[in-house]
Amino acid sequence: MAAGWHLAALYFGSDTIMAKDNTAKPEASSIWGGRFSGGPAEAMQRINASIGFDCRLYGQDIAGSLAHADMLCAQGIISAEDGAAIAAGLKDILAEIEAGNFEFKAELEDIHMNIEARLGELIGDAAGRLHTARSRNDQVATDFRLWVRDALDDLDGALRNMQAALIERAESHAASIMPGFTHLQTAQPVTLGHHLLAYVEMFGRDRSRLADCRARMNEMPLGSGALAGASFPIDRDATAKALGFDKPTANSLDAVSDRDFALEYLAAAAILGVHLSRLAEEFVLWSSEAFGFVSLSDAFTTGSSMLPQKRNPDGAELVRAKSGRLIGALGGLLIVMKGLPLAYSKDMQEDKEPVFETADTLALCIAAMTGMIGDAAFDTGAMERAAALAETGAVDIADWLVREHDLPFRSAHHVAGQLVRLAEEKGCGLADLSLADLQNIEPLLTAEAQKVLDIHYAVSVRSSYGGTAPDRVKAACADARVRFLGG
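Residues numbered from 1 in each chain as written. Predicted model: local features only at pLDDT ≥ 70, side-chain atom pairs only at ≥ 80, totals over all residues. Heavy atoms only, no water.

Chemist: Got a minute to help me understand the nonpolar core in this structure?
Modeler: Within soluble globular proteins, side chains that are nonpolar tend to cluster in buried spots. Residues Val148, Phe203, Tyr265, Leu276 and Met369 are the most contacted members of the largest nonpolar core, which totals 92 residues. In terms of residues, this core owes the most to one element, helix H11 (residues 260-286), which gives 15 residues. Residues contacting Met369, with those up to four places away along its chain left out, are Met162, Leu276, Leu279, Ala280, Phe283 and Val319. Among the nonpolar cores identified, the runner-up in size contains 20 residues, and Ala412, Leu422, Leu430 and Leu453 belong to it. (Core = buried A, V, L, I, M, F, W, Y, C linked by side-chain atoms within 4.5 Å. Buried < 20%, exposed > 50% of the residue type's maximum accessible area, 1.4 Å probe, protein only. Helix = DSSP H or I, 4+ residues; strand = E, 2+ residues; numbered from the N terminus. Contact = heavy atoms within 4.5 Å.)

Here it is, written out as structure tokens:
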């Protein structure tokens, strides 16, 4: 199932599902058993119902129920006849939902009870046996883990595609010179390919964090019951295997009461969002007239309602902004969870919306950034001119003195600083200083030293592993293809 599908919008057309008749006298809820003689107030029904968003768990809920029913049959806890009827009914419900023919009801609270109630309509009393040896507590914990696991897989694929787009552009610009910045001040010349590969590494670490999250969360809560486990002879290992989990959770209290897997997902997503935001900011800056390094096509820009000449990088700006929503989602769920005693509390119903929104936001942002990366038209001439304007050769003069004459770097650094000051006083660039000018400050400087002021030289000599030299960038692209794309 696509993690980002808004089923609620498809079936209800609004964010809130309300009772059709708010004035009707509440009736006792069948899902709570015989304990209650009256039903909830209308406001209680609205605040308690989660079907408006947790309907997105339908695929995971049905998969979990099918595995649970198979296990109950295998263990002789329910009959094979009832198991077959349950399986057939669940598959019919899945078909109804995917065809858009399923009626979700707010009075049934959530996806679990909506499916169970429909199963009863389809197969009768046998449906009531499905909930043997499980609670909604372990059921929802299992469904949610399955959903997050699917979302992680989708996200990894999207990130891989974005890395592929970055590597392709980096490879084609392995020798394109641009200014490298610290403090947003020009520092040293680098290549555009080297710059783009920096983001490939960031997104690679994001994928690693997401993989760690997936591995850590891949334990199955089903069979933990409400909090204390099950009194039936269930086979949790079999159910875990059927659902693709590595093993069952080891403690029933922990299994139903923690959402650290969701928090870890949100934390990794927030860091990813920050990386996306930084890349988006580069596109915003570079596409401005002040930089002029890149042009974005009509596909990823908008115009102005007043200023006919404008081409606004709104796609990049929105990606930059949406990192705030991702960070907020993490903070919100941390606050929900921070003071909850064991085991389950209804507060935890608030876990799903931030996770669902995060998955949707990331899917959209990554699609937009991947498109912009492929769409961008880089002005390499403007980039190289900007790199040549700044006094980036100062450090190369210092390095030359260290390498050729064994000066201590601090002494060489001082000489280079004097040369920069002299160039400023003369109103010229370092490369415009005469050999006599250089030797008046440091006699060791020769005509050979003047050559290092060329930005192509400055880039080419930085051939250390991880450096910006064009040959090193080409090798790094090949390495990145192996590490991140599988070859």
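On we go from here.
Chemist: How should I be thinking about the packing of helix H7 (residues 136-172) against helix H13 (residues 352-375) in this particular structure?
Modeler: For the pair H7 and H13, the least separation of the axes is 9 Å and the interaxial angle reads 15°. One element, H7, and the other, H13, form an angle in the roughly parallel class. Between H7 and H13 the crossing geometry is left-handed. Counted together, Val140, Phe144, Trp147, Val148, Leu155, Ala158, Leu159, Asn161, Met162, Ala165, Leu166 and Arg169 of H7 and Lys352, Val355, Phe356, Ala359, Leu362, Ile366, Met369, Thr370, Ile373, Gly374 and Asp375 of H13 form the full contact between these two elements. (Axes fitted to C-alpha atoms, helices over the stretch in contact; angles between N-to-C directions. Parallel < 35°, antiparallel > 145°, perpendicular 65-115°, else oblique. Left-handed = near helix turned anticlockwise from the far one by under 90°.)

Chemist: What is the right way to look at the side chain of Ser176 in this model?
Modeler: Within the fold, Ser176 resides in the loop between H7 and strand S1 (177-182). Side chain to side chain, Ser176 and His173 meet in a polar contact 2.9 Å long. Among all residues touching Ser176, those that are not within four sequence positions of it are Val190, Thr191, Leu192 and Thr380. (Polar contact = N/O pair within 3.5 Å; in protein donor to acceptor, adjacent residues only side chain to side chain.)

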